[in-house]
Amino acid sequence: MATESSAESLASLGAQAFAAGDYAQALTRFKAAAEAFTATGDVLMAARMANNMSVALLKQGKPDEALAASLGTEDIFANAGDIALQAMALGNQASALSELKRFEEALAAFRQAAALFKEARQPDYEATILQNMSTLQLRMKQPLIAMGTMAQALDIKPHLSIGEKLLRGLLSLVVRLMGGKV
């Protein structure tokens, strides 16, 4: 029978493999951890492991499996009252949907995730979701909307890199040239 400590150990090994870029090993460990957490009755940690599996699957170029791994976990997190994890699950699903070229569904999931991160007061994650959403909007051939979304992301991101500061300045310039206000 699985114990909480063996499940945690498997989760830790999965995280180490992920950090090392061994996504296949990470996936194996996260899956075993999810099963172990389920066996101990820890549904919340099992859902977290399913989301870790989703990210590892995305890294392996398997968006169908990534989406399947995370579907439903957002409800588990919502029922537990953890809106940040709920947002994370929706963000993972949006990324998978985007890779599957299900753009409208991806956009809706990104919007929901961004709103939840805002509610959870997680500006770094909210900005990341908005940046991903901007990239998706570019793929959908919506450059003006993408610029607005990217500007919004850069406005809320607490710490900008030099490149992001330059991009924010360029976006401000474009808005001014188009007759808008910054």
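Note: the structure precedes this text.
On a predicted model such as this, the values are computed, not experimentally measured, just so you know. (Residues numbered from 1 in each chain as written. Predicted model: local features only at pLDDT ≥ 70, side-chain atom pairs only at ≥ 80, totals over all residues. Heavy atoms only, no water.)

Draft legend 1. Molecular detail of the overall build of the protein chain. Summing up its helical and strand segments, the protein chain has 10 helices and zero strands in all. Helices (α) and strands (β) of the protein chain occur, in sequence order from the N terminus, as α-α-α-α-α-α-α-α-α-α. Expressed as lengths along the three principal axes of its C-alpha atoms, the size of the protein chain is roughly 65 × 30 × 30 Å. The buried share of the protein chain, taken over its 182 residues, is 38%. When contacts within the protein chain are restricted to residue pairs at least 6 apart in sequence, long-range pairs at least 24 apart make up 48% of them. Per element, the accessible surface of the protein chain, about 9,800 Å² overall, is 57% carbon and sulfur. (Helix = DSSP H or I, 4+ residues; strand = E, 2+ residues; numbered from the N terminus. Buried < 20%, exposed > 50% of the residue type's maximum accessible area, 1.4 Å probe, protein only. Contact = heavy atoms within 4.5 Å. Areas by Shrake-Rupley, 256 points an atom, 1.4 Å probe, with all protein chains shown as cover.)

Draft legend 2. Focus on the side chain of Gln137. Considering the arrangement of structural elements, one finds Gln137 in helix H8 (residues 123–139). Apart from residues no more than four positions distant in its own chain, Gln137 is found in contact with Leu107, Arg111, Gln142, Ile145, Ala146 and Thr149.

Draft legend 3. Expanded view of the nonpolar core. Counting 39 residues, the largest nonpolar core has Ala33, Phe37, Met49, Met53, Phe110, Ile129 and Leu136 as the members making the most contacts within it. Contributing elements (two or more residues each) for this core: helix H1 (4–19), helix H2 (23–40), helix H3 (43–59), helix H4 (63–70), helix H6 (83–99), helix H7 (103–119) and H8. Looking at this core element by element, the count peaks at eight residues for H7. (Core = buried A, V, L, I, M, F, W, Y, C linked by side-chain atoms within 4.5 Å.)

Draft legend 4. Geometry of the environment of Phe110. Along the polypeptide, Phe110 turns up in helix H7. Residues Phe110 and Ser98, 12 residues apart in the sequence, show an inter-C-alpha distance of 9.8 Å.

Draft legend 5. Highlighting the packing of H2 against H3. In contact at an axis separation of 8 Å, H2 and H3 are set at 165° when each is read in the N-to-C sense. By the angle between their directions, the pair H2 and H3 is classed as roughly antiparallel. Crossing hand, H2 versus H3: left-handed. Along its contact with H2, which presents Tyr23, Leu27, Phe30, Lys31, Ala33, Ala34, Phe37 and Thr38, the element H3 presents Met45, Ala46, Met49, Asn52, Met53, Ala56, Leu57 and Lys59. Among the residues forming the contact of H2 with H3, the class breakdown is 12 nonpolar, two polar and two charged. (Axes fitted to C-alpha atoms, helices over the stretch in contact; angles between N-to-C directions. Parallel < 35°, antiparallel > 145°, perpendicular 65-115°, else oblique. Left-handed = near helix turned anticlockwise from the far one by under 90°. Nonpolar A, V, L, I, M, F, W, Y, C, P; charged D, E, K, R; others polar.)

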